[in-house]
Amino acid sequence: MFFGKLFGFFSKNLAMDLGTANTLLYSPKEGIILNEPSVVALDVRNDSILAVGREAKEYLGRTPERIRAVRPLKDGVIADFEVTKAMIAYFIRKTITGRRFARPRMAICVPAGITQVEKRAVIESALQAGVREVRLIEEPMAAAIGAGLPIHEPRGNMVVDIGGGTTEVAVISLSAVAYAESVRIAGDEINDCIQRYVQDEFKLLIGENMAEAAKMQIASAVPPAESMQFRVAGKNLVDGTPKSIVLTDAHVREAIREPVNAIVAAVRRALEKTPPELVADIATNGLLLAGGGALLKGLDKLITQESSLLVHIDDGPLTTVVRGTGRAMEDPERFGGVYIN
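Residues numbered from 1 in each chain as written. Predicted model: local features only at pLDDT ≥ 70, side-chain atom pairs only at ≥ 80, totals over all residues. Heavy atoms only, no water.

1. Remarks on the packing of aromatic side chains
- For the structure shown, the criterion picks out two aromatic pairs.
- Centre to centre, the rings of Tyr90 and Phe91 are 5.9 Å apart; their planes meet at 65 degrees, and the pair counts as edge-to-face.
- Residue classification places Tyr90 among the partly exposed residues on the basis of a relative accessible area of 30%.
- Ring geometry for Tyr197 and Phe202: centres 6.4 Å apart, planes at 65 degrees, overall edge-to-face.
- Classification of Tyr197 by relative accessible area gives buried; the value is 16%.
- We classify Phe202 as partly exposed; its relative accessible area is 22%. (Phe/Tyr/Trp six-rings, centres within 6.5 Å; stacked < 30°, edge-to-face > 60°. Buried < 20%, exposed > 50% of the residue type's maximum accessible area, 1.4 Å probe, protein only.)

2. Regarding the sheet that holds strand E15 (residues 229-236)
- Strand order across the open sheet formed by three strands is E14-E15-E16, with antiparallel pairing between neighbours. Taken across any chain shown, the strands that pair with only one partner, and hence form the sheet edges, are strand E14 (204-205) and strand E16 (242-248).
- Relative to E15, E14 runs antiparallel, the two being bridged by two bridges. Residue pairing across strands places Leu205 opposite Lys235, the latter belonging to E15.
- In the packing of helix H7 (residues 208-218) onto the sheet, contacts are made with E15 and E16, and the angle to E15 comes to roughly 165 degrees. (Pairing = 2+ DSSP bridges. Helix = DSSP H or I, 4+ residues; strand = E, 2+ residues; numbered from the N terminus. Contact = heavy atoms within 4.5 Å. Axes fitted to C-alpha atoms, helices over the stretch in contact; angles between N-to-C directions.)

3. Examining helix H12 (residues 320-330)
- With respect to burial, H12 is a largely interior element, eight of its 11 residues being buried.
- When we look at burial in H12, the residues that qualify are Thr320, Val321, Val322, Gly324, Thr325, Gly326, Ala328 and Met329.

4. Things to note about the pairing of strand E4 (residues 40-43)
- Burial of E4 is two-sided: the residues Val40 and Leu42 facing one way and the residues Ala41 and Asp43 facing the other way are all buried.
- Where E4 meets strand E5 (residues 48-52), four bridges bridge the pair, whose relative direction is antiparallel. What sits directly across from Asp43, in E5, is Ser48.
- The hairpin formed by E4 and E5 contains four residues between the paired strands, and Asp47 there has a positive phi angle of roughly 60 degrees.
- Relative to strand E6 (residues 67-70), E4 runs antiparallel, the two being bridged by four bridges. Looking at E6, one finds that Val40 is bridged to Val70.

5. A closer look at the UniProt feature "binding site: ATP" (unreviewed entry) in the protein chain
- As annotated by UniProt and renumbered to match this structure, "binding site: ATP" (unreviewed entry) occupies Thr20, Ala21, Asn22, Gly164, Gly165, Thr166, Gly292, Gly293, Ala294 and Leu295. From the set just named, the residues that line the second largest cavity comprise Gly293.
- Assessed through its relative accessible area of 4%, Thr20 is described here as buried.
- Discounting residues that sit within four places of it in the chain, Thr20 has contacts with Ser38, Arg71, Leu73, Lys74, Asp75, Gly76, Gly164, Gly165 and Asp188.
- Within the structure, Thr20 has its side chain in polar contact with the backbone nitrogen of Gly76 (distance 2.7 Å).
- With respect to the helices, strands and loops of the structure, Gly165 is situated in the loop between strand E11 (157-162) and strand E12 (167-173).
- Under the relative-accessibility criterion, Gly165 is labelled buried at 7%.
- Among all residues touching Gly165, those that are not within four sequence positions of it are Thr20, Asp75, Gly76, Val183, Arg184, Ile185, Ala186 and Asp188. (UniProt positions renumbered as here; feature names shortened; annotations may be inferred. 1 Å grid on protein atoms, 1.4 Å probe; cavity = no way out; pocket = protein on both sides within 12 Å on 5 of 7 lines; lining within 4 Å. Polar contact = N/O pair within 3.5 Å; in protein donor to acceptor, adjacent residues only side chain to side chain.)

6. Overview of the domain arrangement of the protein chain
- Its domain assignment divides the protein chain into domain 1 (13-140 + 323-330), domain 2 (154-185 + 258-318) and domain 3 (187-255).
- Between the C-alpha centres of domain 1 and domain 2 the distance comes to 26 Å.
- Taken residue by residue, the interface counts 14 residues in domain 1 and 15 residues in domain 2.
- Between domain 1 and domain 2, a total of about 1,000 Å² is buried, with carbon and sulfur atoms accounting for 52% of that surface. (Domains from an automatic or database assignment. Buried area = accessible area lost by both parts, 1.4 Å probe.)

7. Brief notes about helix H3 (residues 81-96)
- For H3, which comprises 16 residues, the first-to-last C-alpha distance of 22 Å matches the rise-based estimate of 22 Å (1.5 Å per residue) to within 8%.
- Among all positions of H3, only Val83, Thr84, Lys85, Met87, Ile88, Ala89, Phe91, Ile92, Thr95 and Ile96 are buried.
- For H3, the N-terminal capping position is held by Asp80, with its side-chain oxygen 3.4 Å away from the main-chain nitrogen of Glu82. (Expected span 1.5 Å × (residues − 1).)

Have a look at this one:
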């Protein structure tokens with residue numbers, strides 16, 4: 001009854017994936033209505049907001065002294081409360097323009113390893129941004145719902161959700177999390193590793209956006225059938241002049257070896273700590289790979305090699321979590337028990 005009242009009016013509900021790299025909003029009637037980078041550009045003289053989302057991301061590494069482009073979330077949780085509140089408010093205002101609701105009820109997905117203090121920060125940020133009521137759901141559970149896994153059945157479902165700040169590894173059975181681990185190594189760490197590798201090997205300083213572009217174009221967890229190349233440009237650390245080089249997939253694979261191995265190790269650790277009956281189910285059903293990291297070429301093959309598990313990549317891994325959060329919000333009678341606050 002409580003959940004029916006809480007999420008009873010669909011036109012006044014929103015689901016949010018408040019991610020380190022991207023924030024997504026979902027409306028039950030319209031589907032995904034916003035997908036923007038979690039970046040805010042500020043004027044340091046008065047802390048006023050100059051840009052949010054996609055426009056602000058273009059500021060990264062290109063701002064004069066008076067402008068600061070920041071990511072207010074780090075490792076999946078809020079690092080800057082005031083900026084996060086302003087960002088949430090901006091995204092909500094952007095999505096409700098022309099719609100019937102002004103103060104929506106909202107379900108927000110959070111990392112499995114989030115603390116009570118971090119939960120409260122998420123809730124307070126949303127409430128102060130104008131949301132009427134807030135519910136939280138763990139990201140692995142939301143991913144399982146979004147992918148249509150049979151979470152209500154007494155069998156093990158393994159989910160690996162690789163976002164920008166965290167990798168969530170969880171085993172779900174009977175609508176509850178039997179095992180979960182939140183590893184603070186994910187897409188942002190992979191970008192950082194590419195930047196450090198290029199700096200160390202080629203004495204070239206490149207920006208975050210350039211490193212991300214290289215990752216998306218040629219990064220792979222195992223050698224691909226055909227070699228790939230990508231030209232990166234930046235500043236020569238020797239004399240400060242402009243410089244560009246051609247990176248190969250082998251370069252990038254070496255650069256990201258440590259974070260990729262850490263993700264695979266988290267999967268193996270989960271299998272070691274999961275009861276044998278659930279492991280047997282996972283061996284039969286395989287594991288679900290979701291999040292932006294699921295798009296890393298060959299990652300499914302590497303996990304299969306190292307764990308002997310069949311890996312399924314969700315059809316839309318970037319939106320699996322927010323779609324699951326939305327489904328839980330739409331069907332409170334079936335999914336009401338998955339909320340954690």
